[in-house]
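Coordinate inspection notes
Each chain is listed here by its residues.
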Amino acid sequence: MSDDGLIQILHGNTFVVSDTNGDIDASPTDATGLFTYDTRFLSKWVLTINGERMNALSVDDLQYFETRFFLVPGTGTVYIDAKLSVIRRRAVGHGFHEELTILNHEDEPVELTVRLDAASDFADLFEVKDALKKKGRYSTEVDRKKLVLSYDRQTFGRSTAITASEKAQIDEQGLTFEISVPGHGSWSTGIDVSIARLVIGQPLGPPETPEHAQRRMRRDLDHWLDAAPRLECDWDALKATYHRSLVDLAALRFSPPITGGRSLPAAGLPWFMALFGRDSILTSLQSLPFAPELAATTLRALGDWQGVGIDDFRDEDPGRIVHEMRYGELTAFEERPHSPYYGSADATPLYVVLLDEYERWTGDRAIVRELEIEARAALDWIDQYADLQHNGYVAYQRRNEDTGLENQCWKDSWDSISFRDGRLPGFPRATCELQGYAYDAKLRGARLARIAWKDEELATRLEREAAELKRRFNRDFWVEDGQYFALALDPHRAQVDSLTSNNGHLLWSGIVDKSKAKAVARQLLGPRLFSGWGVRTLAEGEGRYNPIGYHVGTVWPFDNSFIAWGLRRYGFKEEAAAIAAGILEAAEFFDGRLPEAFGGYERGETRYPVQYPTACSPQAWSTGTPLLLLRTMLGLEPQGEHLIVDPALPNTIGHLELLDIPGRWGRIDAFGRGRVDVRRTQARRR
Amino acid sequence: MSPDRTAPFFEELARREYDPMLRNARGTARIEIVDQGKTERWLVTIDKGNIAVSRKNARAETTIRADRKTFEKAATGRLNVMAATLRGEIVITGDPRFLVQLQRLIPRPSGGP
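Residues numbered from 1 in each chain as written. Chains lettered and ligands numbered in written order. Predicted model: local features only at pLDDT ≥ 70, side-chain atom pairs only at ≥ 80, totals over all residues. Heavy atoms only, no water.

Observations concerning helix α11 (residues 456–476) of chain A
All names here are of chain A.
- For α11, with 21 residues, the first-to-last C-alpha span of 30 Å sits near the 30 Å given by 1.5 Å per residue.
- The set of residues buried in α11 consists of Leu458, Ala459, Leu462, Glu465, Ala466, Leu469, Arg472, Phe473 and Asn474.
- Tucked inside the fold, the buried residues of α11 contact α9 (372–384), α10 (432–453), β22 (478–479), β23 (484–485), α12 (502–509) and α13 (514–524). (Helix = DSSP H or I, 4+ residues; strand = E, 2+ residues; numbered from the N terminus. Expected span 1.5 Å × (residues − 1). Buried < 20%, exposed > 50% of the residue type's maximum accessible area, 1.4 Å probe, protein only. Contact = heavy atoms within 4.5 Å.)

Printed below as a string of structure tokens:
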């Protein structure tokens, strides 16, 4: 169940959100319904018996793709006369299948009118968020066996078909079953709600039966869990968090039509079940030691969609990696630019980072050769298209002023990039972590050029450029009076001087001079940034700081996982362990499912992490966070054909083993014992 | 009548013989161009970057269908292929990856559609 009392099940990018009765009764702006490919195919699905709606007794979340509702007729809040009970078992596939069962608890037979009201508004996901008006035409088709709901606008058409296994009277508004249930007997019917018309991703051949689909999905989940490394440790909550992460990551897998059935991580459930360059790359990085195949699919799919031309509406340049891909009506009619949209300044360098990191773990050199043109184009984009300030730094400014994104870094809300005094800089903006990613991409690109492309000249040039970038960066971005790196340079090349978590990403990228690393680590664990649970996005005391501001004070678990990785990279093992401990302890309060973000309040003040209200859970990179933290705590690092294990575990964890870690070494086990006194490290910051 | 832009597109594709942008692609597509009730068929086979074009009416795992106006706009970079596919102006059955890879070869006027 999600936090708002809604029930959601999903498979790929098809999902059903209903209330606890299993009913869907959506208004234009609310989020219930059957959705696939960013379109709502069913907005009304209400069960009544003899005119009465149901009352929920309980809901069983069986798996992420199936659920069971136990109901009784009547909506009263007082005791209900339960002569009947009703079970709706629902599984999502290409649409959904529902088994409706009615049990009669009396001695006498009963005559019942069972009714399912059905309708669809065929809203685009973006319309559901913004309540926009439809421009096309609705129609309904009824025959003896089937109800078909349709929406057409020029050549654009979407349809939903509804059929039942038992005899029903079908009209334009739904299905009616006039039935008799014997004493102590039961009646049941299967109902299929299927996506009948959709131009892309249509499976060829007959659709599989619901039973077959469920068996296949259960088998698939078992295989997925079996293939992942096994975690043994003294801290039960961590084991639960780990299991939760693996199951959620399984649910977040998504197969875009171009991947031949292979999957990559989508950004989040349910509204971001789509290909997002940044989210798919970062989540693939986090899960490399656990499910490396996600990275391979991500790299191929993003390679296929890499920009080839200049397109202002889509903020596309040659070599640029996709930001977001959508399939709904607004995208189809180019009222939104997501076909696909390219407005991200970090996905392109991070693409090269992922390709290299993937090879380091798996030894899959063939993919480095396979994606050579794409990786080279990504490296070229950094120099040829991203230098919008003409100073050798990666910067962003949207060309689509209407529906493009203002902030094209991971902190993408309108006020995320600000000066100490709260002023917002102009555009183009060169945020600091982009320079770190570019630096890392160049060095990793150089390695790939040597090992797989046999291009020494390119390798030498990239290394020279990286060294030069590092030198300039440490000069131009360093805030001398604060001893940290500025958040960005504004279009006048002035430092956007607030203190932010971005400093941790800089450690991860390696762009930070050794001589400055200690000061940066001290800031990250210092009282202005570290809340006791984790590092805040923006430091306490800055003009726009707000402990529940989206990117201006909250703590983002994924952000912290990369910060911990960065701290390890520079040898700050204890600091990395302190962050891992804080975030994993917070996870316990969320039953192992870390939210996208939680409040930046001081830990001692609230005693528990205050969740930031968000519509999306689980979020892919929050799901990947415990995985990356396990890597950083164990100090897992591929080196040649071997895996180095160098544990620095919080003493709150005790003994920990991660067994059967896949990689170029085959499978390997890692062990560690908690020895880092994290409370002392956390307290030392005062 | 406007000049035929369909044949030149396929002739240009055939002349390439090999394009590294398609080196990871493999498959055969039948491209059907509908014009005043008649269907013109082109068969494009890509095998690791090697391109073969013919007018054979053979079986293909993927078919791409559009009217001539739509096709010519797409072939000259004046139409976003993905958006047109979502609208149903271009209808694809089989493997959409083929179309995504093929459209990478299409030159686009600066500023885009």
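Overview of helix α1 (residues 6–16) of chain B
Residues and elements named next belong to chain B.
- Those residues of α1 that fall on the buried side of the exposure criterion are Thr6, Ala7, Phe9, Phe10 and Leu13. Taken around the axis of α1, the buried residues stretch over an arc of 160 degrees, which confines them to a single face.
- Where α1 is buried, its residues meet β1 (26–35), β2 (38–47), β3 (50–54), α2 (68–75) and α4 (96–102).
- In the stretch just after α1, Glu17 is the one whose phi turns positive, near 60 degrees. (Arc of directions from axis to C-beta.)

Some remarks on the confidence of the model for chain B
- Summary statistics for chain B give a mean pLDDT of 88 and a share of 92% for residues scoring 70 or more.
- For this predicted complex, the interface confidence score (ipTM) comes to 0.93, while the overall pTM stands at 0.94. (pLDDT = per-residue confidence, 0-100.)

Some words on the sheet that holds strand β2 (residues 14–18) of chain A
All names here are of chain A.
- Taken in spatial order, the four strands make up an open sheet running β1-β2-β4-β5, and their pairing is antiparallel. Two strands lie at the open edges of the sheet, namely β1 (7–11) and β5 (39–42), each paired on one side alone. Across the sheet, the mean angle from the axis of one strand to that of its neighbour is 25 degrees, orientation sign disregarded.
- Sheet analysis places β2 next to strand β4 (residues 33–36), joined by three bridges and oriented antiparallel. Its bridge partner being in β4, Val16 is matched across the sheet by Leu34. (Pairing = 2+ DSSP bridges. Axes fitted to C-alpha atoms, helices over the stretch in contact; angles between N-to-C directions.)

Regarding the pattern of salt bridges
- Counted under the stated rule, the structure contains 80 salt bridges over all chains.
- Residues Arg65 of chain B and Glu32 of chain B are paired through a salt bridge, measuring 2.6 Å at the closest nitrogen-oxygen approach. One end of the pair, Arg65 of chain B, is in strand β4 (residues 62–67); the other, Glu32 of chain B, is in strand β1, with 33 residues separating them in the sequence.
- Accessibility expressed as a relative area gives 36% for Arg65 of chain B, which makes it partly exposed.
- Using a relative accessible area of 8% as the deciding quantity, one classes Glu32 of chain B as buried.
- The partner of Glu89 of chain B in a salt bridge is Arg87 of chain B, and the shortest N-O contact between them spans 2.7 Å.
- Residue class for Glu89 of chain B comes out partly exposed when judged on its relative accessible area of 23%.
- One network of salt bridges, with partners in common, ties together Asp356, Glu357, Glu359, Arg360, Arg365, Asp440, Arg444, Arg447, Arg631, Glu637, Glu641 and Arg664 of chain A. (Salt bridge = Lys/Arg side-chain N within 4 Å of Asp/Glu carboxyl O.)

Side note on empty space enclosed by the protein
Residue and element names in this part refer to chain B.
- One pass over the full model with this rule turns up five cavities of 30 Å³ or more.
- Taken together, 13 residues line the largest cavity, and the ones lying closest to its centre are Phe71, Ala74, Leu99, Leu102 and Ile106.
- Of all the elements in the fold, those that place two or more residues in the lining of the largest cavity are β4, α2 and α4.
- Looking at the lining of the largest cavity residue by residue, the classes come out as 12 nonpolar, one polar and no charged. (1 Å grid on protein atoms, 1.4 Å probe; cavity = no way out; pocket = protein on both sides within 12 Å on 5 of 7 lines; lining within 4 Å. Points joined across faces, edges and corners; volume = space filled by probe spheres on them. Nonpolar A, V, L, I, M, F, W, Y, C, P; charged D, E, K, R; others polar.)

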